[in-house]
Amino acid sequence: MNIIFKPSKENIKSYLPVGITLVFISFIDVFVNAFFNYDLLGFFPSQISYFLPLIFGFIGLYFIRIEFSGIRSLDILNKNINSNNLNAFLTLFTLFILIKSIPPLLNWFIIDANFVGNTKDNCTGDGACWVFIKVWFNRFMYGLYPNAEQWRINSAFLILFAIVGVSFFVSQKLKKYFILFLIFIYPFLGIELISGGSFGLKYVETAAWGGLSLTFIISAFAILFCFPIGVFLALGRRSSLPAIRYISIGFIELWRGVPLITVLFMSAVMFPMFLPDGTFIDKLIRVLIAITLFEAAYMAEVVRGGLQALPKGQYEAAKSLGMGYWRMNALIILPQALKLVIPGIANTLLALVKDTPLIFVVGLMELAGMIGLAKTNPKWLGMAMEGYVFAGLVFWIICYAMSRYSQNLEKKLSTER
Amino acid sequence: MIFKKFSTENKKVRDFIPQAITVLALLSVIIYFATNAQINMGNRGISFGFGFLNQEASFDITFSMIEYDGSHSYGRAFLVGLLNTILVSAIGIFFATIAGVIVGVSRLSDNYLIAKVAEWYVEIFRNIPLILQIFFWYFAALRALPLPENGINFNDISFLTIKGWYVPKFIWTNFNIFLLSIIAAFIAIYFINSYATKQREQFGKQLPTTIISLSTLILVPLITFLFLGVSLTFEYPVLKQLSPTVYTYEGGVSIIPELIALALALSMYTATFIAENVRAGILGVSKGQKEAAASIGLNKNQILKLVVMPQALRIIIPPTTNQYLNLTKNSSLAAAIAYPDIVLVFAGTALMQTGRAIEIISITMLTYLTLSISISIFMNWYNKKMAIKEK
């Protein structure tokens, strides 16, 4: 009995064709059902017909589950997706759901979607109205920045990319100056170019900034400032001087204990109360300070992890060479500690980028905020899906690229043999 | 010369100077801010104090777990917001844990497809800002649901509509007795387990504790139903016409779409991080442990239960608690879609009405801070308890 119903190498000739046929039928059925909306196995009673592909496929996969069949591709298949009954079921279930969900998604994204036109009335199909994105694209990228001045944002970013690009190809010696320029001088030149007010450039107030470019500006500045502050806080937390240590601990735990949104609220409504009457600090700067301090606390904890992971011998060796505290940290400890925690640093920076949309609480609008504005425009009601899918895609690409880059960097800098 | 002596030879002085400078700088900043705040508040005619918490709030909150209306105080409104925050965090933590464990285990599945799907789930949902996910669910996905009159009908028991999810209301009689019986069952299980451990350690006898515990948990509350007058009935939501075009459901409990969107986004986002923790934890148990367990004759379930899981949990739990904390803090994004959590109710509406920025923001931040610090104290205690005691 057991021998007859157990597929094995002996009866491979009878089981394999039957199994393959059954699996094939089940897939064809699901496929036709999904893409052409036609039920091949419809002559069965309706409730059974629904589960039939699953049952057919399951039996088929059972029949072709032959150990050491001698056929290479079959063995690989069995090992990876068909090793036992549960796996066979899960495989079928996942594949069927994927096949079923392709056509609606494809329809919505491309086939039934609308690409041509300039108003909402052009969107007659059932699918996505990409016209919305097309019309508002400029706003999504630049916010309310005046159209005539947008070349300034473009050129600021282009120059940045150009310098970064060139710095990859110059010699090590020059590279150092490039990096110093990028960190200490360029940010201020770039911000001068974008905000204007001098060199004959028209002044554009920060309230008009927005869209994806604001996301980049905020992320870039916050990353630039939060990193050194985080390193100092981490050193402070490990310091042997009690006052500095406790102040660092208090500072770090305070920021880490509260949500960013309350920190932004604080910068918007509470911070002005702390300043002399009449002083006004730009909204963008306040937000930048809030995000920087917030992320610096997280950065500090990451860096502290690296500092703690270093063996004591490194400290002792540095001291025995007669190095002082700062030289020891700058030349021996930090380079090693930071390398250890690249994944942690990357995660913190990623979190920072993902946190930028929160600036809506103070009324600044980056990409997500601009979409919120566009979808409430009376002429474009009901476009939330398109807008958020677009924003999600943009952020996903940025964040995925960042995480991939950090993984590469980790591999490149790894000194393990 | 004197300076040199101070700075290099006398360690005490050398250590003292930077500390004194830091403390003085910090103090002067605080004093500067405090004086400014005092002047500013004086200009606006308000004085620092928490008396406003007893004043009448006179605003409504759309969703509240305790009795609340405009005639209650600001203190009460704070409590409503806090409870709503705790509610959405608890729901989020529950589902994030389940989804996270499933996805984390799936990533290690020997089924290539399942592992790939799980991996892409993590890559997709981890790399999209949480706020966008909340917006997506709230403004795009849940807005596509039908109006109440054509709500998605789950067997006439519950209805999913654009206005929320209507579920039956539980109506208990003698709920206290039921609750006590559950507590009693847990106490009984604790004693059964400690007795079983003793038996095992002294006589090597294995008692079927899982079955006994489960049956206790089912039987004891069942007894209250049969003999102690506890009963449970359901109040089902019923469609009702308010005007020719407006329909609504009456009875039952309405789960507002804000809560659904927030809980959904929070749990799907946090699940990716928990999944990575679970994966790292299981991978962190060395292969030798499993082989050693197998070689002393444990079966597959015993290996998982007695050898792999205890060690994996030691790696999984600390970062996962951190994620729970993050989820709770992230629940403050509720303010973006008007779910009445503590930030929206207290730091939003109450602040607008009273203008007491300093007090209200401090209370809000202190609440979160208390939550975080108590969890991290618990974590430190737990880590110390669970740390491998090496000899």
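Residues numbered from 1 in each chain as written. Chains lettered and ligands numbered in written order. Predicted model: local features only at pLDDT ≥ 70, side-chain atom pairs only at ≥ 80, totals over all residues.

This next bit is on the overall build of chain A. Regarding its fold elements, chain A presents 17 helices and one strand. For the C-alpha atoms alone, the extent of chain A along its principal axes is close to 85 × 70 × 45 Å. Here chain A holds 417 residues, and 34% of them are scored as buried. Restricting to contacts in chain A with at least 6 residues of sequence separation, those with at least 24 account for 69%. (Helix = DSSP H or I, 4+ residues; strand = E, 2+ residues; numbered from the N terminus. Buried ≥ 20, exposed ≤ 12 C-beta atoms within 10 Å, placed from the backbone. Contact = placed C-beta atoms within 7 Å.)

Turning our eyes to something else, we now look at the confidence of the model for chain A. Counting all residues, the mean pLDDT for chain A is 84, and 98% of those residues have values of 70 or more. Averaged pLDDT values over the elements of chain A bottom out at 57 in helix α1 (residues 2-5) of chain A and peak at 91 in helix α9 (residues 211-237) of chain A. (pLDDT = per-residue confidence, 0-100.)

Take the interface of chain A and chain B next. With 45 residues of chain A at the interface, the matching set in chain B holds 49 residues. Looking at the side of chain A that touches chain B, the elements with two or more residues in it are α4 (72-81), α5 (85-111), α10 (242-257), α11 (260-270) and α17 (384-413) of chain A. Among the elements that make up the side of chain A that touches chain B, the one with the highest residue count is α17 of chain A (ten residues). Tallied by class, residues from the side of chain A that touches chain B come to 32 nonpolar, nine polar and four charged. (Nonpolar A, V, L, I, M, F, W, Y, C, P; charged D, E, K, R; others polar.)

For soluble globular proteins, the rule of thumb is that nonpolar side chains tend to be buried together. Counting residues in each nonpolar core, the largest one holds 147 residues, and the members touching the most others are Leu264 of chain A together with Ile134, Ala261, Leu262 and Ala265 of chain B. For this core, the leading source of residues is helix α8 (residues 257-284) of chain B, giving 16 residues. Within the second largest apolar cluster, 14 residues are counted, among which are Tyr15, Val23, Phe58 and Ala88 of chain A. (Core = buried A, V, L, I, M, F, W, Y, C linked by C-beta atoms within 7 Å.)

Only a minority of non-glycine residues have a phi that is not negative, and only a minority of peptide bonds are not trans. Residue Ala338 of chain B is not a glycine yet carries a positive backbone phi of 65°. Relative to the helices and strands, Ala338 of chain B is located in the loop between α10 (300-330) and α11 (342-354).

Here the focus is the packing of helix α9 (residues 287-295) of chain B against α10 of chain B. Any two packed helices are characterised by the angle at which their axes cross and by the distance between the axes. Residue and element names in this part refer to chain B. In contact at an axis separation of 10 Å, α9 and α10 are set at 155° when each is read in the N-to-C sense. In terms of axis orientation, α9 runs roughly antiparallel to α10. In terms of crossing hand, the pair formed by α9 and α10 is right-handed. Taken together, the residues of α10 that come into contact with α9 (itself represented by Gln289, Lys290, Ala293 and Ala294) are Ile303, Val307, Val308 and Gln311. In terms of residue class, the contact of α9 with α10 is built from five nonpolar, two polar and one charged. (Axes fitted to C-alpha atoms, helices over the stretch in contact; angles between N-to-C directions. Parallel < 35°, antiparallel > 145°, perpendicular 65-115°, else oblique. Left-handed = near helix turned anticlockwise from the far one by under 90°.)

This paragraph deals with the domain arrangement of chain A. Size of an interface, as often reported, equals the accessible area lost when the parts are brought together. You can read the domains of chain A as domain 1 (2-103) and domain 2 (204-354). Computed from C-alpha atoms alone, the centre-to-centre distance between domain 1 of chain A and domain 2 of chain A is 55 Å. (Domains from an automatic or database assignment.)

Attention now goes to the domain arrangement of chain B. When cut into domains, chain B gives domain 1 (2-48), domain 2 (74-161 + 255-386) and domain 3 (169-235). A C-alpha centroid distance of 60 Å is found between domain 1 of chain B and domain 3 of chain B.

Residue and element names in this part refer to chain B. For strand β6 (residues 238-241) and strand β7 (residues 247-250), the ladder comprises four bridges, and the chain directions are antiparallel. In the sheet register, Val238 faces β7, and the bridge partner there is Glu250. In textbook terms, the turn of a hairpin is the stretch between consecutive antiparallel strands, and for β6 and β7 this stretch comprises five residues. (Pairing = 2+ DSSP bridges.)

Here we come to helix α2 (residues 11-44) of chain B. Residues and elements named next belong to chain B. In this model, α2 (34 residues) spans 50 Å end to end at C-alpha, consistent with the 50 Å of a helix rising 1.5 Å per residue. Burial within α2 is sparse, with just zero of its 34 residues counted as buried. Looking at the residues trailing α2, positive phi occurs at Gly45, about 75°. (Expected span 1.5 Å × (residues − 1).)

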